[in-house]
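# Commentary on secondary and tertiary structure
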Amino acid sequence: MDGEISTDEVKELLEADADVRIVDIRDERNFEHSHIPGSENIPFHELTDRVDELEGEDHIVTVCPHGKASVQAAQLIGSYEGTADARVESMAGGLDKYGMKFGLVREADSEDESADRESPF
């Protein structure tokens, strides 16, 4: 793992259409509810089995609700032989901070469902 990256830096990478993979480690339901545009979902509990999907990448950023579990995910990805040459970072502050600054992509909610739904974070 190469440390942490700020939400501003992640936004800049996305706006510049940089060659970066944003890996959201939350479960599928929460990812579908809201996520960073262009990110992909690899739930933390599947990461060990799916880390080979990231082989050969140059830059990988892991994201989670508050920027804690994504540090562990970045360490796991960085320890994989196939990502040894990649820059692997965790997004500091997590989706909570990113969403407050820039917003997240959200699926259309029906009013009935949104009252009962738990926070995506």
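Residues numbered from 1 in each chain as written. Predicted model: local features only at pLDDT ≥ 70, side-chain atom pairs only at ≥ 80, totals over all residues. Heavy atoms only, no water.

Taking an unreviewed UniProt entry as the reference, the protein is identified by name as Rhodanese-like domain-containing protein belonging to Natrinema altunense.

### Concerning the pairing of strand E2 (residues 21–24)
Residues Arg21 and Val23 point to one face of E2 and Ile22 and Asp24 to the other, with burial holding for every one of them. The pairing of E2 with strand E4 (residues 40–41) spans two bridges and is parallel. Within E4, the residue paired with Val23 across the bridge is Glu40. (Buried < 20%, exposed > 50% of the residue type's maximum accessible area, 1.4 Å probe, protein only. Helix = DSSP H or I, 4+ residues; strand = E, 2+ residues; numbered from the N terminus. Pairing = 2+ DSSP bridges.)

### Topic: unusual backbone geometry
Here Asp17, not a glycine, exhibits a phi torsion of approximately 55°, which is positive. Relative to the helices and strands, Asp17 resides in the loop between helix H1 (7–15) and E2.

### Side note on helix H4 (residues 69–79)
Buried residues of H4: Ser70, Ala73, Ala74 and Ile77, and no others. Viewed end-on, H4 has its buried residues packed into an arc of 100°, placing them on one side of the element. Of the surrounding elements, those touching the buried residues of H4 are helix H3 (47–50), strand E5 (59–63) and strand E6 (87–91). (Arc of directions from axis to C-beta. Contact = heavy atoms within 4.5 Å.)

### Section: the sheet that holds strand E1 (residues 4–5)
Overall, parallel pairing links the five strands, which are arranged E1-E6-E5-E2-E4 in an open sheet. Every interior strand has two partners, whereas the edge strands, E1 and E4, have only one. Each of E1, E5 and E6 is contacted by H4, which is oriented at about 170° to E6, the strand it contacts most. (Axes fitted to C-alpha atoms, helices over the stretch in contact; angles between N-to-C directions.)

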